[in-house]
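Survey of secondary and tertiary structure
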Amino acid sequence: VKVDASLIGNIKVMLQDVILLGAPVNVKSRYWASLRSLVCGRFVNGYSKEDMVLRVLYRVNRMRVEVAGVGPINQAGIENIDLSDIVKQHTDYLRKMKSILEYVSIV
């Protein structure tokens, strides 16, 4: 997640819920706490250890950075939900969206 740090303190909008699914973003971003503070409801990181497309492509291009789409985000207030039983490949996020949303209790 690339965030202009000067903007975070000026944001006046709150989000109800945020659901990240297979997100190709760095899990070690220093902005996770600030981003979490903008969400008044649930902040969910849905990931799959089976998503080899995301794992290989992102890590090859980003020098082995850990990404949220294949593992948990270590930040208080962010729910990490392992979707590996449902998502076997990156394209499953689209094909199995109803099952995923039911699994994370959104539908």
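All of these numbers come straight from a predicted model, not from anything done at the bench. (Residues numbered from 1 in each chain as written. Predicted model: local features only at pLDDT ≥ 70, side-chain atom pairs only at ≥ 80, totals over all residues. Heavy atoms only, no water.)

Its place among the elements puts Asp-92 in helix α4 (residues 92-95). Exposure remark for Asp-92: the relative accessible area of 2% places this residue in the buried category. In terms of polar contacts, Asp-92 uses its side chain to reach the backbone amide nitrogen of Lys-88, at 2.8 Å. Among residues more than four places away in sequence, those in contact with Asp-92 are Ile-86, Val-87, Met-97 and Ile-100. (Helix = DSSP H or I, 4+ residues; strand = E, 2+ residues; numbered from the N terminus. Buried < 20%, exposed > 50% of the residue type's maximum accessible area, 1.4 Å probe, protein only. Polar contact = N/O pair within 3.5 Å; in protein donor to acceptor, adjacent residues only side chain to side chain. Contact = heavy atoms within 4.5 Å.)

Here Leu-54 lies in helix α3 (residues 52-61). For Leu-54 and Ala-68, which are 14 residues apart along the polypeptide, the C-alpha to C-alpha distance reads 9.9 Å.

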